[in-house]
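Here is how the chains run, residue by residue.
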Amino acid sequence: MLIPELHIGPYTAKYPVVQGGMGVGISLSQLAGAVAKAGGVGVISGVETGYSWPTYDDDKQKANREALVWHLQEARRIAPEGVIGVNIMVALNNYEEMVAAAVEGGADIIFSGAGLPLVLPALVAGTPVAIAPIVSSAKAAAIMVKQWRAKYNRLPDAIVVEGPLAGGHLGFSYEQLHDTSGQFALDTIVVGVIEALKQLLGEKSQSIAIIAGGGVFSGSDIAKLLRLGVNGVQMATRFVATVECDAHEAFKQAYVQATLADVVIIKSPVGMPGRALGNAFLDEAKVGNKQPEWCRVNCLKPCNPSQAPYCIADALVNAAQGHFHEGFAFCGSEVHRVDRITTVSELMQELMGELAEQ
């Protein structure tokens, strides 16, 4: 198969691969910069970006904004000609401020999920920033297109379609997560999104890059999705096991050592199911032994600190720093297939070599 470029708005990546945004602290400037330099779209996670910032304990939200700007500039230093994005969750209480920081820092693309980013076009108006909602159904994709076109006369530059095999927070019910080969399979959802956009927009639908993610592991997986009509894929799990990934070495080794039996579906304090590596921390949280004593900043809109089984921000920060006794790692469904640490460049060449052979 010929390897296509990926066009998102005015930006072009050499390869049709978007590195998924992984928070807290897993995809920051080093990983995003390396992916962009290697020809993909590098993506910085916009959640708790400043967890290691000197002023984090004094003013958490200010530290997150400042750190995001810094990481964007550092990623640009690594990959001056690359395509660099930010993933910002709608569920953040300071969502609009983080979007402003992404624009200030020079992000090429803002990817936005964990809710419908209905006001995102207004937040980037007058800038060259491309915008890409993350959805899990044709219905959600249609809602975004209709709302943005009617209110802002703007279409998404891309739409990321995340299936039920993705890592982190998932836009599916617990029951739907067990129907990964039926109507909720990524292939089925992708085809539904493409058809819905064609019905809504006709030929104009071709201006929207469709990016499929969730369980994408190999070049053959990429080829299969490209043949369904997508323009690119989103991959996250495989980029964790790289030298350049911003996570602690213990986090990377947790992926390398993971087995299929280690992968669990958890109930997050934000009220969504999530896919993660099971460990003692999650076992303790399940029986109520990790409830937070206090909340520094109510960072996520759906989270009720008084009822949360644990502080998800603290848990993910701890995991990113390698402290798994007080945290856990999100992961994709194929984490058990990760068997070594490699470099981003080597991984990208491996994937594109496999794709070229399809």
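Chemist: Any details on a nonpolar patch on the surface? Residues and values, ideally.
Modeler: On the surface, a nonpolar cluster with roughly 250 Å² of combined accessible area is contributed by L116, L118, V119 and I143. By the secondary structure assignment, L116 is in the loop between strand 6 (109–112) and helix 4 (120–123).

Chemist: Kindly report on the domain arrangement of the protein chain, identifying the contributing residues and their values.
Modeler: Examined at the domain level, the protein chain breaks down into domain 1 (6–247 + 338–356) and domain 2 (249–326). For domain 1 and domain 2, the distance between their C-alpha centroids amounts to 22 Å. Between domain 1 and domain 2, the residue contacts involve 37 residues of the former and 28 residues of the latter. In this assembly, domain 1 packs against domain 2 so that about 2800 Å² is buried in total across both faces, 63% of it on carbon and sulfur atoms. In terms of surface lost to domain 2, no three residues of domain 1 exceed N93, H169 and Y174, which account for 21% of the buried area on that side. In this structure, the connection of domain 1 to domain 2 is made through zero salt bridges.

Chemist: Any chance you could break down the packing of helix 1 (residues 29–37) against helix 2 (residues 60–78) for me, citing the residues and the numbers?
Modeler: Two elements in contact, helix 1 and helix 2, have axes separated by 8 Å at closest approach and are oriented at 35 degrees. Read as a crossing pair, helix 1 and helix 2 show a hand that is right-handed. In contact with S29, Q30, G33, A34 and K37 of helix 1, helix 2 contributes W70, H71, E74, A75 and I78. Counted by class, the contact of helix 1 with helix 2 contains four nonpolar, four polar and two charged residues.

Chemist: Residues and numbers for the packing of helix 2 against helix 3 (residues 95–105), please.
Modeler: The N-to-C vectors of helix 2 and helix 3 enclose an angle of 25 degrees; their axes lie 8 Å apart at closest approach. Put simply, helix 2 runs roughly parallel to helix 3. Note that helix 2 runs across helix 3; the crossing there is right-handed. Contacts between helix 2 and helix 3 involve Q61, N64, R65, L68, V69, L72 and Q73 on the former and, on the latter, E97, M98, A101, A102, E104 and G105. Of the residues belonging to the contact of helix 2 with helix 3, the class tally is six nonpolar, four polar and three charged.

Rules used in this analysis
- Residues numbered from 1 in each chain as written.
- Predicted model: local features only at pLDDT ≥ 70, side-chain atom pairs only at ≥ 80, totals over all residues.
- Heavy atoms only, no water.
- Patch = residues over 30% accessible without salt bridge, like charges linked within 9 Å, V, L, I, M, F, W, Y side chains within 5 Å.
- Areas by Shrake-Rupley, 256 points an atom, 1.4 Å probe, with all protein chains shown as cover.
- Salt bridge = Lys/Arg side-chain N within 4 Å of Asp/Glu carboxyl O.
- Helix = DSSP H or I, 4+ residues; strand = E, 2+ residues; numbered from the N terminus.
- Domains from an automatic or database assignment.
- Contact = heavy atoms within 4.5 Å.
- Buried area = accessible area lost by both parts, 1.4 Å probe.
- Axes fitted to C-alpha atoms, helices over the stretch in contact; angles between N-to-C directions.
- Left-handed = near helix turned anticlockwise from the far one by under 90°.
- Nonpolar A, V, L, I, M, F, W, Y, C, P; charged D, E, K, R; others polar.
- Parallel < 35°, antiparallel > 145°, perpendicular 65-115°, else oblique.

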